[in-house]
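Working through the structure, step by step
Below are the chains, spelled out letter by letter.
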Amino acid sequence: AAYIIGRHGFYGRDFVVGQGVLIPRPDTETLIEQVIKRSADLPDKLRILDTFTGSGCIGITLALELTRTGHQVELDLADISAEALAYSKSNINAYSLNESTRIHQTNVWPDMPSKWDLITANPPYINRGLIDDLQPEVSVKEPMLALDGGADGLDFYRVIYSQAANKLNPSGIIACEHGFDQAESIRQIANEYGWHNIYQYNDFGGNPRVTICDKI
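As the structure is a prediction and not an experimental result, all values here were calculated from the model.

The rules behind each value
Residues numbered from 1 in each chain as written. Predicted model: local features only at pLDDT ≥ 70, side-chain atom pairs only at ≥ 80, totals over all residues. Heavy atoms only, no water. Helix = DSSP H or I, 4+ residues; strand = E, 2+ residues; numbered from the N terminus. Contact = heavy atoms within 4.5 Å. Areas by Shrake-Rupley, 256 points an atom, 1.4 Å probe, with all protein chains shown as cover. Polar contact = N/O pair within 3.5 Å; in protein donor to acceptor, adjacent residues only side chain to side chain. Axes fitted to C-alpha atoms, helices over the stretch in contact; angles between N-to-C directions. Left-handed = near helix turned anticlockwise from the far one by under 90°. Nonpolar A, V, L, I, M, F, W, Y, C, P; charged D, E, K, R; others polar. Parallel < 35°, antiparallel > 145°, perpendicular 65-115°, else oblique. Pairing = 2+ DSSP bridges. Buried < 20%, exposed > 50% of the residue type's maximum accessible area, 1.4 Å probe, protein only. Phe/Tyr/Trp six-rings, centres within 6.5 Å; stacked < 30°, edge-to-face > 60°. Salt bridge = Lys/Arg side-chain N within 4 Å of Asp/Glu carboxyl O.

Things to note about the overall build of the protein
Across its full length, the protein holds 7 helices and 9 strands. The contacts of the protein with a sequence gap of at least 6 include a subset with a gap of at least 24, amounting to 70%. Of the roughly 9900 Å² of accessible surface on the protein, a fraction of 49% belongs to carbon and sulfur atoms.

Thoughts on the side chain of Thr120
Following the sequence through the fold, Thr120 ends up in strand 6 (residues 116-121). For Thr120, the side chain forms a polar contact with the side chain of Asp50, separated by 2.8 Å.

Observations concerning the packing of helix 2 (residues 29-37) against helix 3 (residues 57-68)
Direction vectors running N to C along helix 2 and helix 3 enclose 35°, while the axes themselves pass 10 Å from each other. Crossing geometry of helix 2 relative to helix 3 is assigned as right-handed. Each of Leu31, Ile32, Val35 and Ile36 in helix 2 lies in contact with helix 3, whose residues at this interface are Ile58, Thr61, Leu62, Glu65 and Leu66. Of the residues assigned to the contact of helix 2 with helix 3, the class counts are 7 nonpolar, 1 polar and 1 charged.

Details of the packing of helix 6 (residues 155-163) against helix 7 (residues 183-192)
Put simply, helix 6 and helix 7 touch, their axes get as near as 9 Å, and they point 30° apart. Of the possible angle classes, the one that applies to helix 6 and helix 7 is roughly parallel. As helix 6 runs across helix 7, the sense of the crossing is right-handed. Contacts between helix 6 and helix 7 involve Tyr157, Arg158 and Tyr161 from the first element and Ile186, Ile189 and Ala190 from the second. For the contact of helix 6 with helix 7, the class distribution of residues is 5 nonpolar, no polar and 1 charged.

Observations concerning the sheet that holds strand 5 (residues 101-105)
In space, the 7 strands of this open sheet follow the order 5-4-3-6-7-9-8, with mixed pairing throughout. The open sheet terminates on both sides in strands that have one partner only, identified here as strand 5 and strand 8 (196-202). Strand-to-strand twist of the sheet, defined as the mean angle between neighbouring strand axes without regard to direction, takes the value 15°. Where strand 7 (residues 168-177) meets strand 9 (residues 208-214), 5 bridges bridge the pair, whose relative direction is antiparallel.

A look at the pairing of strand 9
Where burial is concerned, most of strand 9 is hidden: 6 out of the 7 residues are buried. Pairing geometry for strand 8 and strand 9, over 5 bridges, is antiparallel. Bridge assignment links Gln200 to a residue of strand 9, and that residue is Thr211. Between strand 8 and the antiparallel strand that follows it, strand 9, lie 5 residues; Gly206 among them carries a positive phi value of about 85°.

Points about the packing of aromatic side chains
Considering all chains together, one arrives at 4 aromatic pairs under this definition. Judged by centre distance (6.2 Å) and plane angle (70°), the rings of Phe10 and Phe15 are edge-to-face. The pair Phe10 / Phe15 is uniform in exposure class, with both members buried. Consider the rings of Tyr161 and Trp195, whose centres lie 6.1 Å apart with planes at 80°: the pair is edge-to-face. Of this pair, Tyr161 sits in helix 6 while Trp195 sits in the loop between helix 7 and strand 8, placing them 34 residues apart in sequence. Each member of the pair Tyr161 and Trp195 is classed as buried. Three or more aromatic residues link up through ring pairs in this structure, and these residues are Phe10, Phe15 and Tyr95.

Description of the pattern of salt bridges
Scanning the entire structure with this criterion turns up 11 salt bridges. For Asp14, the salt bridge goes to Arg7, with nearest N and O atoms at 3.8 Å. With a relative accessible area of 39%, Asp14 lands in the partly exposed category. The salt bridge involving Arg13 is made with Glu65; its shortest N-O contact spans 2.9 Å. Of this pair, Arg13 sits in strand 2 (residues 13-16) while Glu65 sits in helix 3; the two residues are 52 residues apart in sequence, bridging distant segments of the chain. Residue classification places Glu65 among the buried residues on the basis of a relative accessible area of 10%. The structure contains a network of salt bridges with shared partners spanning Arg47, Glu74, Asp76 and Arg102.

So, in structure tokens, the structure goes:
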């Protein structure tokens, strides 16, 4: 229905969506809530990268909510899909974030010398062999680019956790959404690449859905 209407609610706001972008999920609001709970630990001048951004709903929501808590936010949104970024641009315009937001068409990391204080990611995490078994409204209508996480669904997490330390400021944090059955694998990957204070949080259905960890 969201593809027909062209809009979908997320964390109390409407976002423009359509073919070529994932529909925002209620489970993803867990990531927003947990980052906001840590907002006091984040610097007043805050640089956020939301990679695999899709509609931009995670990055835009955090920019708006953290501005409310007194932060001055600069936002970078990154996605490989030009189609997805077109929706991001519409949503940036809708929430008047043009001056503080940059958009990057890139696979994971924007090519920038500066670093971020917060990196968020909701990458493709479906096991490639299971995509055809998903409900038709997902496997047929949702973009394959946003679903396919490789043979075990974890390809992009290996990229993120192996490289993100070089992209974060010293006190920076990274927050990732993942599949309900991937939490232990994500913890192992994060441990392997030297991340600290690895916390995992359940979604509204009681399933582990979000992992947040520190660079230091």
